[in-house]
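What follows is each chain in one-letter form.
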2 protein chains.
Amino acid sequence: MQVVSVKKALDGSVAPDTKVEVRGWVRTRRDSKAGISFVNVSDGSTFDPIQVVAPNSLSNYEADVLRLTAGCSVVCRGTLVKSQGKGQSFEVQADEVRVLGFVDDPDTYPIQPKQHSLEFLREVAHLRPRTNTFGAITRVRHTAAQAIHRFFHEEGFFWVNTPIITASDAEGAGQMFRVSTLDAVNPPRTDTGKIDWSKDFFGKEAYLTVSGQLNVEAYCLALSKVYTFGPTFRAENSNTTRHLAEFWMIEPEIAFADLNDDANLAERFLKYVFQAVLTECAPDMKFFEERQQKGVTERLEKFIQSSFERIDYTDAIEILKKAKKKFEYAPEWGNDLQTEHERYLAEEHVGRPVVVMNYPEQIKAFYMRMNDDGKTVAAMDVLAPGIGEIIGGSQREERLDRLDERMKKFGLHPEGYQWFRDLRRYGSVPHAGFGLGFERLIVYMCGLQNIRDAIPYPRVPGWAQF
Amino acid sequence: MQVVSVKKALDGSVAPDTKVEVRGWVRTRRDSKAGISFVNVSDGSTFDPIQVVAPNSLSNYEADVLRLTAGCSVVCRGTLVKSQGKGQSFEVQADEVRVLGFVDDPDTYPIQPKQHSLEFLREVAHLRPRTNTFGAITRVRHTAAQAIHRFFHEEGFFWVNTPIITASDAEGAGQMFRVSTLDAVNPPRTDTGKIDWSKDFFGKEAYLTVSGQLNVEAYCLALSKVYTFGPTFRAENSNTTRHLAEFWMIEPEIAFADLNDDANLAERFLKYVFQAVLTECAPDMKFFEERQQKGVTERLEKFIQSSFERIDYTDAIEILKKAKKKFEYAPEWGNDLQTEHERYLAEEHVGRPVVVMNYPEQIKAFYMRMNDDGKTVAAMDVLAPGIGEIIGGSQREERLDRLDERMKKFGLHPEGYQWFRDLRRYGSVPHAGFGLGFERLIVYMCGLQNIRDAIPYPRVPGWAQF
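Residues numbered from 1 in each chain as written. Chains lettered and ligands numbered in written order. Predicted model: local features only at pLDDT ≥ 70, side-chain atom pairs only at ≥ 80, totals over all residues. Heavy atoms only, no water.

Re the domain arrangement of chain A
Often, the extent of an interface is quoted as the loss of accessible area on bringing the components together.
Residues and elements named next belong to chain A.
Phase 1: Considered domain by domain, chain A is made up of domain 1 (2-101) and domain 2 (132-174 + 210-453).
Phase 2: Put simply, the middle of domain 1 and the middle of domain 2, counted by C-alpha atoms, are 45 Å apart.
Phase 3: Of the roughly 490 Å² buried between domain 1 and domain 2, counting both surfaces, carbon and sulfur atoms make up 52%.
Phase 4: Between the two partners, domain 1 and domain 2, sit zero salt bridges.
Phase 5: At the surface where domain 1 touches domain 2, the tally comes to two residue pairs in polar contact (both at pLDDT 80 or more).
Phase 6: For the side of domain 1 that touches domain 2, the residue count by class is one nonpolar, three polar and one charged. (Domains from an automatic or database assignment. Buried area = accessible area lost by both parts, 1.4 Å probe. Salt bridge = Lys/Arg side-chain N within 4 Å of Asp/Glu carboxyl O. Polar contact = N/O pair within 3.5 Å; in protein donor to acceptor, adjacent residues only side chain to side chain. Nonpolar A, V, L, I, M, F, W, Y, C, P; charged D, E, K, R; others polar.)

This is the structure in structure tokens:
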């Protein structure tokens, strides 16, 4: 007896009329007057369930099969045959349907065979993976993550996991979470009443990282092409639909590279990941297209076919000023672009992805490379139709004297960055990189409205663990 | 002009006599009396540097080439030719050697072309990736991580990232780090002087996760085969050579599976990863063999060729009691196995990997499945020659009444685990999984003595960020 996943059973890779065993959870059951039950069984391996045809000649037909409800777990053995029914390729003519687990009190089981609101599902986070929506999101997340690792591997990058607990604030950007093992009620104190952090686990104040970029630069200046893919944390904006306190970030860093190389890498990267999801998650994408956001598939297809436009920030401001569109925030040189500006540029001005380059130095981080104009730095944002900024990156300041100048402007103390300055003292090279939030990518690909639906466990009051 | 990595230049995939550009950092320079300098250049893409042959006819020969020291960054253009020298396949006959960055004060540059102690290198964590040892470790880490994702993908698993910040202690195992944004000096307090955690970022006390296993079970009971690969944290034992406060863990979880399926998965998994590293990191493994631990390669080869032995814990205790070896800790039924016991079983008793199964219930976690004997649970440890335990796993208790009994024994309150109990109330199925530390795997594969050398950034006092 061949145990097969529902995916394999449906995709034609198992010869018809083979005896198979499929295992999974019941989605629906329908009984015909002729004494046959049609049980749809899902195992999560693919979007569609498989139909198991259970005749009343089964010895446990009345005792078990007729009691099956959504969520029950079954092991079904029978013959895999081409299906006569519409919309399905194969079905199983069952010789045996064994129930492993019924559902306690089916009437109160939260995942009924109907559409639930995403708000409701956030409160049953442990059961929502059993729904069409979260099964599909999980498969897209997986496929995208695999594609990300594969893309970098094929391009000769090495994955580096930078520290999660850190003593430094990567870029002065973002509120941080403190990590401590001190007794919160009665912490050890110094003579002046301050907390004595030397008594803490690491002997100093420690935080959760907001970015692995600075740390990964040291690996870049030794191994040439590296990337991080790991969790990062921001203790802010936790109640919007666009921000998460905990999210996964992807941060490639390339040596012997300038801002153009960086933009080229970003373009290849996004297209590769989108293509993988379109190819490998076709049934899931079809579902998002139909039920989540019309046009989401076409948006990705067009994205892949387009070459990215590149616009200087200064030109972008001019374009926005001349636009007939009325913006909530007036575009002004020296201010960061708002989402409305970004979307106008990508959607209306050029109608495809745009890389905006060379931003005013005062609105960008200290480590970005000063341009010859003395006013802008070699920063870039990749703007995607339908969402706005999806990637932010820059060429890094590789000249020690310029870096010191910028650190001074930002009020940073060079002593705390001695190791980072060392990278400019010892065999410095032009290098560049970018960062993007993994969940934002999922939101974009699946057409979601709330970023909490892009992570396996949302943090909501109703959920036991958050 | 074709820009090629050192790896590509050396591996024969570029035709001889092609004009190429290679970029990297100088390892060594040797000048011949005939007025030719031999500059070894590494870009991290592979273990070996490439030899760049720079004649004194280069216009900047005296000004630049003769000033090159270890760590300088260069861009070299020239002809790729078959090397006459021993131990190298190809070299570059340079037409141009451009220096991008010299080394400030070469005499004090920490990474000299000689062997440094690993202790010293931990204190220059930002520069140690430029050494042979840490270049090789980084490539092995990358290759192993890629192989892990690829293995699970090919087997039909989905990657799930479970929460890093959590309100619950996964298994009552391990001291946890608290995560907070409250003012540590003057935290908000309740009337009774306790900390008012409701005012904290998440509205309750929060910690860093010690394991994603419980969370991933919910995805397993919907998608059948899932795994985590992410950071976990333990606030203990930070000063040993075997433990890390922050480490990456791999935790697969399979539905419709028992302990035997779990052991089979562990066997396929380890062999797959070891094979990938042996095949893809051959030059790095050769280095570890020669400089780190003699026999480390052969150990992995033998591992791959062996079938795993399986021994019941109860039998293992008998074997240990009968052993002629004198143990520091006497083996006794009811106690956990010590590393000396584990290594004896794997190395001396059977001479290959061993899975010890069915441990006394009192020494194993609450969620492990009670065996019919009423004394043992369906737990397993995979013991590897040369290190002892490398994987720990179990079949999970899928029967609600038995789970409740065990939770009671462990003093756990069912109310806090309602969601976990739900998984047993709604379509419960036999399921199993295991966990292993990624860094421990690296230690084993590279023959390292200190687990701090298996992570990109060690936490040592000399290092600015830890």
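Brief notes about the side chain of B:Arg122
Phase 1: Note on placement: B:Arg122 falls in helix H2 (residues 118-122).
Phase 2: A polar contact of 2.8 Å, which involves the side chain of B:Arg122, links it to the side chain of B:Asp453. (Helix = DSSP H or I, 4+ residues; strand = E, 2+ residues; numbered from the N terminus.)

A few points about the sheet that holds strand S17 (residues 431-437) of chain B
Residue and element names in this part refer to chain B.
Phase 1: Taking strand neighbours across the sheet as the criterion, the eight strands line up as S7-S11-S12-S17-S16-S15-S14-S13 in an open arrangement whose pairing is mixed. Since the sheet does not close on itself, it has two edges, and those belong to strand S7 (158-159) and strand S13 (309-312), each with one partner.
Phase 2: Sheet topology note: the S13/strand S14 (residues 354-360) ladder contains four bridges and is parallel. Residue pairing across strands places glutamate 309 opposite valine 354, the latter belonging to S14. (Pairing = 2+ DSSP bridges.)

Some points on the interface of chain B and chain A
Phase 1: The interface is formed by 105 residues belonging to chain B together with 105 residues belonging to chain A.
Phase 2: With both chains or domains summed, chain B and chain A bury close to 9000 Å², and 62% of this area falls on carbon and sulfur atoms.
Phase 3: Across the contact surface, chain B and chain A share two salt bridges.
Phase 4: Among the salt bridges present, the one from B:Arg425 reaches A:Asp104, with a minimum N-O distance of 3.4 Å. (Contact = heavy atoms within 4.5 Å.)

Things to note about the packing of helix H8 (residues 313-322) of chain B against helix H9 (residues 339-349) of chain B
Working note: a packed helix pair is described by the angle between its axes plus the distance between those axes.
Residue and element names in this part refer to chain B.
Phase 1: Their axes nearest at 11 Å, the elements H8 and H9 cross at an angle of 80°. By the criterion of interaxial angle, the relationship of H8 to H9 is roughly perpendicular. Together, Ala316, Ile319 and Leu320 of H8 and His341, Tyr344, Leu345 and His349 of H9 make up the contact between the two elements.
Phase 2: Residues belonging to the contact of H8 with H9 are distributed by class as follows: five nonpolar, two polar and no charged. (Axes fitted to C-alpha atoms, helices over the stretch in contact; angles between N-to-C directions. Parallel < 35°, antiparallel > 145°, perpendicular 65-115°, else oblique.)

Things to note about the confidence of the model for chain A
Phase 1: Taken residue by residue, chain A gives an average pLDDT of 95. The fraction at 70 or more is 97%.
Phase 2: Among the prediction metrics, the complex's ipTM stands at 0.97, with pTM recorded as 0.97. (pLDDT = per-residue confidence, 0-100.)

A short note on the relation of the copies chain B and chain A
Phase 1: Overlaying chain B on chain A yields an RMSD of 0.0 Å, the required transformation being a rotation through 180° with an accompanying axial translation of 0.0 Å. Both copies of the chain, as the preceding transformation shows, are related through a two-fold rotation axis. Closest approach to the rotation axis among the C-alpha atoms of chain B is made by B:Val179, whose C-alpha sits 2.5 Å away.
Phase 2: Both copies share a contact surface, since 100% of the interface residues of chain B are interface residues in chain A too. (Least-squares fit on C-alpha atoms with pLDDT ≥ 70 in both.)

Some remarks on the sheet that holds strand S15 (residues 376-384) of chain A
Residues and elements named next belong to chain A.
Phase 1: Reading across the sheet, the eight strands line up as S7-S11-S12-S17-S16-S15-S14-S13 and stay open at both edges, with mixed pairing between neighbours. Because the sheet does not close on itself, it has two edges, and the strands there are strand S7 (158-159) and strand S13 (309-312).
Phase 2: Across the face of the sheet, helix H12 (residues 438-446) comes into contact with strand S11 (225-233), strand S12 (246-255), S15, strand S16 (388-395) and strand S17 (431-437) while running at roughly 60° to S17.

Some remarks on the nonpolar core
Phase 1: With 281 residues, the main nonpolar core has A:Phe269, A:Leu270, B:Phe269 and B:Leu270 as its most contacted residues.
Phase 2: Apart from residues lying up to four places away in sequence, B:Phe269 is in contact with B:Ile148, B:Phe151, B:Phe152, B:Ile250, B:Ile391, B:Phe434 and B:Leu436. (Core = buried A, V, L, I, M, F, W, Y, C linked by side-chain atoms within 4.5 Å. Buried < 20%, exposed > 50% of the residue type's maximum accessible area, 1.4 Å probe, protein only.)

Side note on unusual backbone geometry
Phase 1: For A:Asp17, which is not a glycine, the phi torsion comes out positive at approximately 70°.
Phase 2: With respect to the helices and strands, A:Asp17 occurs in the loop between helix H1 (6-10) and strand S2 (19-31).
Phase 3: Not every positive phi belongs to a glycine, and B:Asn358 is a case in point at roughly 65°.
Phase 4: Within the secondary structure, B:Asn358 sits in strand S14.
Phase 5: According to the relative accessible area criterion, B:Asn358 is buried, its value standing at 17%.

Some points on helix H6 (residues 282-291) of chain B
Owing to its 3.6 residues per turn, the α-helix aligns residues three or four sequence positions apart on the same side.
Residues and elements named next belong to chain B.
Phase 1: All of the buried residues along H6 are Asp284, Met285, Phe287 and Phe288. Each buried residue of H6 lies within a common arc of 155° when the element is viewed along its axis, so the set occupies one face. For H6, exposure combined with an orientation more than 90 degrees from the buried face picks out Lys286 and Glu290.
Phase 2: Where H6 is buried, its residues touch helix H3 (132-154), helix H5 (259-280), helix H7 (296-305) and helix H12 (438-446). (Arc of directions from axis to C-beta.)

Points about the packing of aromatic side chains
Phase 1: Under the definition given, this model contains 63 aromatic pairs over all chains.
Phase 2: Between A:Phe366 and A:Tyr417, the aromatic rings sit 5.5 Å apart at their centres with planes inclined by 70°, giving edge-to-face as the arrangement. In this pair, A:Phe366 is assigned in the loop between strand S14 (354-360) and S15 and A:Tyr417 in the loop between helix H10 (400-409) and helix H11 (418-425), connecting sequence segments 51 residues apart. Each member of the pair, A:Phe366 as well as A:Tyr417, carries the same accessibility label: buried.
Phase 3: For the ring pair B:Tyr313 and B:Trp333, a centre distance of 5.9 Å and an interplane angle of 70° mean the geometry is edge-to-face. In this pair, B:Tyr313 sits in helix H8 while B:Trp333 sits in the loop between H8 and H9, placing the two residues 20 residues apart along the sequence.
Phase 4: For B:Trp333, a relative accessible area of 31% puts it in the partly exposed group.
Phase 5: Put simply, the rings of A:Trp159, A:Phe229, A:Trp248, A:Phe438, B:Trp159, B:Phe229, B:Trp248 and B:Phe438 touch in pairs and so form one group of aromatic residues.
Phase 6: A cation over an aromatic ring shows up here: A:Arg424 above the ring of A:Phe420, its NZ or CZ 4.1 Å from the ring centre.
Phase 7: Over the ring of B:Trp333 we find B:Lys375, and its NZ or CZ is 5.8 Å from the ring centre. (Phe/Tyr/Trp six-rings, centres within 6.5 Å; stacked < 30°, edge-to-face > 60°. Lys NZ or Arg CZ within 6 Å of the ring centre and 35° of its normal.)

Here we look at the environment of B:Gln93
All names here are of chain B.
Phase 1: Here glutamine 93 shows up in strand S6 (residues 90-101).
Phase 2: Taking relative accessible area as the criterion, glutamine 93 reaches 33% and is therefore assigned partly exposed.
Phase 3: For the pair glutamine 93 and phenylalanine 38, spaced 55 residues apart in the sequence, the C-alpha separation amounts to 9.7 Å.
Phase 4: Setting aside residues up to four positions removed in sequence, glutamine 93 forms contacts with Val53, Arg77, Gly78, Thr79 and Val81.

Let's talk about the side chain of B:Arg421
Residues and elements named next belong to chain B.
Phase 1: Of note, arginine 421 is situated in helix H11 (residues 418-425).
Phase 2: Using a relative accessible area of 14% as the deciding quantity, one classes arginine 421 as buried.
Phase 3: Excluding residues that lie within four positions of it along the chain, arginine 421 makes contacts with Leu400, Leu403, Asp404 and Pro414.

Describing H3(B)
All names here are of chain B.
Phase 1: With 23 residues, H3 extends 32 Å from end C-alpha to end C-alpha; this agrees with the ideal 33 Å at 1.5 Å per step.
Phase 2: For H3, the buried fraction is high: 19 of the 23 residues fall into the buried class.
Phase 3: Positive phi appears at glycine 156, one or two residues downstream of H3, with a value of about 85°. (Expected span 1.5 Å × (residues − 1).)

What to know about the pairing of strand S16 (residues 388-395) of chain B
Residue and element names in this part refer to chain B.
Phase 1: Among the eight residues that make up S16, six are buried, leaving the element largely enclosed by the rest of the structure.
Phase 2: Pairing analysis gives six bridges linking strand S15 (residues 376-384) to S16, with the strands arranged antiparallel. In the strand pairing of S16, alanine 379 is matched with serine 394.
Phase 3: Counted between consecutive antiparallel strands, the loop separating S15 from S16 contains three residues, among which glycine 386 sits at a positive phi close to 95°.
Phase 4: In the sheet, S16 pairs with S17 via four bridges, with the strands oriented antiparallel. Each residue of the ladder has a partner; that of glycine 393, found in S17, is phenylalanine 434.

What about the environment of B:Ala125?
Residues and elements named next belong to chain B.
Phase 1: With respect to the element layout, alanine 125 can be found in the loop between H2 and H3.
Phase 2: Since its relative accessible area comes to 0%, alanine 125 is described here as buried.
Phase 3: Distance from alanine 125 to arginine 310, taken between C-alpha atoms, is 41 Å for residues 185 residues apart in sequence.

Considering the pattern of salt bridges
Phase 1: Following the criterion strictly, the structure yields 60 salt bridges over all chains and no others.
Phase 2: The partner of A:Glu217 in a salt bridge is A:Arg424, and the shortest N-O contact between them spans 3.0 Å. Separated by 207 residues along the polypeptide, A:Glu217 in helix H4 (residues 213-223) and A:Arg424 in helix H11 bring together distant segments of the chain.
Phase 3: The class of A:Glu217 is buried, set by a relative accessible area of 0%.
Phase 4: With a relative accessible area of 6%, A:Arg424 lands in the buried category.
Phase 5: In this structure, the salt-bridge partner of B:Arg425 is B:Asp422, at a minimum N-O distance of 3.0 Å. Of this pair, B:Arg425 and B:Asp422 both sit in helix H11, separated by three residues, roughly a single helical turn.
Phase 6: Taken together, the shared-partner salt bridges in this structure form one network comprising A:Glu21, A:Arg23 and A:Arg77.

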